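For reference, the chains in residue letters:
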Amino acid sequence: MCEIKKVGIIGLGAYLPERVLTNKDLEKMVDTTDEWITSRSGIKERRIARPDEATSDMATEAAKRALKDANLKPEDIDLIIVATITPDMFFPATACLVQEKIGAKTCPAFDVSVACSGFIYGIAIAEQFIRSGTYKYALVIAAEKLSAITDWSDRSTCVLFGDGAGAAVLGPVEKGGILSVFLGANGKQGDLIKLPAGGSRIPASKKSVEDKLHFIKMNGAELFKHAVKVMADAALQATAPLGLKAEDISLVIPHQANLRILNAVAKRMGLSTDKIYLNIERYGNMSAASSAVALVEAVKEGRIKKGDKILLDAFGGGLSWGAIVIEW
Ligand SMILES: CC(C)(COP(=O)(O)OP(=O)(O)OC[C@H]1O[C@@H](n2cnc3c(N)ncnc32)[C@H](O)[C@@H]1OP(=O)(O)O)[C@@H](O)C(=O)NCCC(=O)NCCS
């Protein structure tokens, strides 16, 4: 008989590149100031991967740390999902590269591409496989080298992004675990943030490079408005079916896009801002890796205790969004 299982996060790991790029450094690169960046976004510094360091390298390091934390071996893993919009290459999937690098067995391995919502989508997919009894242990990794797709001459975007990776091992648990999942997307808003070229619509060409179409293009002000709305709504959609109110959530682990967005989300949810975990000041927006690294650091700092109900909440390109309630 197939018994429905409870699924939880049983190991976590993160990897951040060594190089720190501060707002002061950016002042020398584009027409900006530390004051502007800090007051408009909350970001002070971000990490930048080495030229020879690709997304799969960062993902592999985070995955090894998560496996160690879970006390599992690579061969115990039955499924590998990498959430990324900066894969090493279009194919093979970065998850396949990670499978080889960590020495896992020939388990299924694939990438998910929903930008900053990727860690939440990855957890949602892995949870289904484990809960149904198909697989026992899954690795969900969120890794990004956004510095590779950032236009370092565009002050409106280059100050916001950074590189890094976070990983979670999911497996069956006795108590608690993932209580609810809510995912959504709206392709009508796809133009608000995108990387226009390099795919089948605009293949790479001399012109696409000259036109800088291989870099992130973003409508920041519009995104800001949508972000506040969809993050607050996703939080409600994930908590309401459980009969939970905002005050029942011990800590929100949000996607770290902008401090002002997160303050507005907290206000809309009726939560005090100290219940929102923040590390945006140190890393900027690492897309899918932001909420993953935030979760790793929140646990490490003792901000999440056994029995706490926490909320992962993200929005990103697509547009896409998602929220997950976990009892720790
Ligand atoms: C990008 C963002 C920080 C800009 O903040 P903002 O308060 O909306 O600022 P605006 O876009 O209105 O720009 C205000 C002015 O600052 C200027 N500016 C933009 N970037 C600047 C920078 N790095 N330094 C100095 N000035 C800058 C603009 O050119 C504009 O000047 P103008 O009024 O003379 O035209 C903000 O809109 C944001 O975070 N949006 C969401 C982005 C996001 O989340 N993206 C990822 C999605 S997962």
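Source: prediction; values computed, not measured.

Caption draft 1: Examining the overall build of the protein more closely. For the protein, the count of helices and strands is 11 helices and 13 strands. Its C-alpha atoms put the protein at 60 × 45 × 35 Å along the principal axes. Considering the protein as a whole, with its 328 residues, one finds that 53% of them fall into the buried category. Taking the contacts inside the protein whose residues are at least 6 apart along the sequence as the reference set, 77% of them involve residues at least 24 apart. Summed over all atoms, the accessible surface of the protein reaches about 14,500 Å², with 53% contributed by carbon and sulfur.

Caption draft 2: Local environment of the sheet that holds strand β13 (residues 320-327). Overall, mixed pairing links the 4 strands, which are arranged β8-β13-β12-β11 in an open sheet. Two strands lie at the open edges of the sheet, namely β8 (177-185) and β11 (251-254), each paired on one side alone. Strand-to-strand, the axes of this sheet are offset by a mean angle of 15°, without reference to chain direction. Bridge count for β11 against strand β12 (residues 309-316) is 4 bridges, and the pairing is parallel. Note that in β12 the partner of isoleucine 253 across the bridge is leucine 312. Contacts from helix α8 (residues 220-239) reach β8, β11, β12 and β13, with the element oriented near 145° to β12. Where helix α11 (residues 288-300) meets the sheet, it contacts β11 and β12, and its direction lies at approximately 145° from that of β11.

Caption draft 3: Molecular detail of the nonpolar core. Grouped together as the largest cluster of nonpolar side chains are 39 residues, with contacts concentrated most on Ile9, Phe119, Ile123, Leu170, Ile253, Leu295 and Leu312. Counting the residues that make up this core, at least three belong to each of domain 1 (6-174) and domain 2 (179-327).

Caption draft 4: Structural view of helix α4 (residues 94-102). Every buried residue of α4 is accounted for by Thr94, Ala95, Leu97, Val98, Gln99 and Ile102. Each element contacted by the buried residues of α4 is listed here: α3 (55-70), β4 (79-83), β5 (109-112) and β6 (138-145).

Caption draft 5: Expanded view of the site of the ligand. Near the ligand lie 22 residues; those nearest to it are Thr32, Arg40, Arg155, Gly220 and Asn258. Measuring from an oxygen atom of the ligand, one finds a side-chain N or O atom of arginine 260 at 3.0 Å. The set of elements that each furnish at least two residues to the shell around the ligand consists of α2 (34-41), α6 (155-158), α8 and α9 (259-269). Per-element tally for the shell around the ligand: the top contributor is α8, with 4 residues. Among the residues making up the shell around the ligand, the classes are represented as 12 nonpolar, 6 polar and 4 charged. Three or more residues apiece are contributed to the shell around the ligand by two domains, here domain 1 (6-174) and domain 2 (179-327).

Caption draft 6: Structural view of the domain arrangement of the protein. Partitioning the protein into domains gives domain 1 (6-174) and domain 2 (179-327). A separation of 14 Å is found between the C-alpha centroids of domain 1 and domain 2. Opposite the 47 residues of domain 1 that make contact, domain 2 presents 46 residues. Taken over both partners, the interface formed by domain 1 and domain 2 buries close to 3,500 Å², and the fraction arising from carbon and sulfur atoms is 70%. Ranking the residues of domain 1 by area buried against domain 2 places Cys116, Ile120 and Ile149 at the top, with a combined share of 19%. Run the count over domain 1 and domain 2 and you get 1 salt bridge. A salt bridge links lysine 212 to aspartate 151, with the shortest nitrogen-to-oxygen separation between them at 3.8 Å. Between the two partners, domain 1 and domain 2, sit 17 residue pairs in polar contact (both at pLDDT 80 or more). Counting residues per element, the side of domain 1 that touches domain 2 draws most heavily on helix α5 (residues 118-131), at 7 residues. Broken down by class, the residue content of the side of domain 1 that touches domain 2 amounts to 25 nonpolar, 13 polar and 9 charged.

Definitions and limits used
Residues numbered from 1 in each chain as written. Predicted model: local features only at pLDDT ≥ 70, side-chain atom pairs only at ≥ 80, totals over all residues. Heavy atoms only, no water. Helix = DSSP H or I, 4+ residues; strand = E, 2+ residues; numbered from the N terminus. Buried < 20%, exposed > 50% of the residue type's maximum accessible area, 1.4 Å probe, protein only. Contact = heavy atoms within 4.5 Å. Areas by Shrake-Rupley, 256 points an atom, 1.4 Å probe, with all protein chains shown as cover. Pairing = 2+ DSSP bridges. Axes fitted to C-alpha atoms, helices over the stretch in contact; angles between N-to-C directions. Core = buried A, V, L, I, M, F, W, Y, C linked by side-chain atoms within 4.5 Å. Domains from an automatic or database assignment. Near = heavy atom within 4 Å. Polar contact = N/O pair within 3.5 Å; in protein donor to acceptor, adjacent residues only side chain to side chain. Nonpolar A, V, L, I, M, F, W, Y, C, P; charged D, E, K, R; others polar. Buried area = accessible area lost by both parts, 1.4 Å probe. Salt bridge = Lys/Arg side-chain N within 4 Å of Asp/Glu carboxyl O.

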